[in-house]
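An overview of the molecular structure
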Amino acid sequence: MNGTQVTVIGNVATEVTYTQTPAGVPVANFRLASTERRYDRARDGWVDGETQWLTVTAWRALAGHLIGSLSKGDPVVVSGRLRVREWAEGEAKRSRVEIDARWVGHDLSRGTAKFTWAPGVRGGSADGAADGAGAAFGEPVPGWIVDALRGRRSAEAGGGQVSEGEGKGGV
């Protein structure tokens, strides 16, 4: 894979959204906030620096795994290809920094996690592309993704709404 590869440490700033492309390819997105920490000698302590805001996009099996794994506020490590999207809105030029995620995990320097194998993935390749892993082209959303979304809704019943994807196979 060519391109600028980056690894960013930060916090999940939004709920993960899930959808499928018109061709049925699963895709998930969330915003990542990464705040620089530096030592300030004058204050004799650590201070927050500037916050970088990035959009993280994950495809196929990784997209499905994010739904049941990440919640807003979680500390994460994201690694993938850096992309800068540019477009025009009238006279104004806009841009957005994105990471096409290859790997996403909880930042275990700030807490603990219990790993659970996704159905059909154990013994697969490093990128999770094992037989039966996740939704393939044109297949409906796997039941374990639907269950993860329902579980999140139940846990947040008193709180805010869960962002749901739209499109073919959306839940």
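These notes cover the structure that comes with them. Everything numeric here is computed off the predicted structure, so don't read it as measured data.

**Side note on the side chain of Asp100**
Checked against the element boundaries, Asp100 lands in strand β6 (residues 92-106). In this structure Asp100 comes out as buried when scored by relative accessible area, which is 11%. At 3.0 Å, the side chain of Asp100 forms a polar contact with the side chain of Arg83. Leave out the neighbours within four places in its chain, and Asp100 touches Thr57, Trp59, Gly80, Arg81 and Arg83.

**Section: the packing of aromatic side chains**
In the structure shown here, the tally under the stated rule is two aromatic pairs. Consider the rings of Phe115 and Trp117, whose centres lie 5.2 Å apart with planes at 90 degrees: the pair is edge-to-face. A residue is classified by how much of its surface remains accessible, and Trp117, at 42% relative accessible area, is partly exposed. Above the ring of Trp103, the side-chain terminus of Arg102 is found at 5.3 Å from the ring centroid.

**Concerning the pairing of strand β3 (residues 26-40)**
Bridging between strand β1 (residues 5-12) and β3 involves two bridges; their strand directions are antiparallel. Counterpart to Asn11 in the pairing with β3 is Ala33. Sheet topology places strand β2 (residues 17-20) next to β3; four bridges connect them, and they run antiparallel. Its bridge partner being in β3, Gln20 is matched across the sheet by Pro26. Linking β2 back to β3 in an antiparallel pair, the connection comprises five residues, with Gly24 at a positive phi of about 90 degrees. Of the strand pairs in this sheet, β3 and strand β4 (residues 45-59) are connected by 13 bridges, and their pairing is antiparallel. Counterpart to Arg37 in the pairing with β4 is Asp48.

**As for a nonpolar patch on the surface**
On the surface, Leu82, Val84 and Val97 cluster together into a nonpolar patch covering about 210 Å² of accessible area. Here Val84 shows up in strand β5 (residues 75-89).

**Focus on the nonpolar core**
What tends to happen in soluble globular proteins is that the nonpolar side chains get buried as a cluster. If you look at the biggest cluster of nonpolar residues, it comprises 20 residues, and the most contacted ones within it are Val16, Phe30, Leu32, Leu66, Leu70 and Val78. Every element with two or more residues in this core is listed here: β1, β3, β4, α1 (60-69), β5 and β6. Per-element accounting of this core gives the leading share, four residues, to α1.

**Some words on the pattern of salt bridges**
Within the structure shown, the criterion is met by eight salt bridges. Between Arg81 and Asp100 there is a salt bridge, with its nearest N and O atoms 3.2 Å apart. Placement of Arg81 in strand β5 and of Asp100 in strand β6 is noted, with a sequence separation of 19 residues between them. Arg81 sits in the partly exposed class, given a relative accessible area of 25%. Taken together, the salt bridges that share partners define one network made up of Arg81, Arg83 and Asp100.

**Re the pairing of β1**
Inspection of the sheet shows β1 paired to β5 by seven bridges, in the antiparallel sense. Counted as the bridge partner of Thr7 is Ser79 from β5.

Cut-offs used in this document
- Residues numbered from 1 in each chain as written.
- Predicted model: local features only at pLDDT ≥ 70, side-chain atom pairs only at ≥ 80, totals over all residues.
- Heavy atoms only, no water.
- Helix = DSSP H or I, 4+ residues; strand = E, 2+ residues; numbered from the N terminus.
- Buried < 20%, exposed > 50% of the residue type's maximum accessible area, 1.4 Å probe, protein only.
- Polar contact = N/O pair within 3.5 Å; in protein donor to acceptor, adjacent residues only side chain to side chain.
- Contact = heavy atoms within 4.5 Å.
- Phe/Tyr/Trp six-rings, centres within 6.5 Å; stacked < 30°, edge-to-face > 60°.
- Lys NZ or Arg CZ within 6 Å of the ring centre and 35° of its normal.
- Pairing = 2+ DSSP bridges.
- Patch = residues over 30% accessible without salt bridge, like charges linked within 9 Å, V, L, I, M, F, W, Y side chains within 5 Å.
- Areas by Shrake-Rupley, 256 points an atom, 1.4 Å probe, with all protein chains shown as cover.
- Salt bridge = Lys/Arg side-chain N within 4 Å of Asp/Glu carboxyl O.
- Core = buried A, V, L, I, M, F, W, Y, C linked by side-chain atoms within 4.5 Å.

That's the geometry; what it means functionally is another story.
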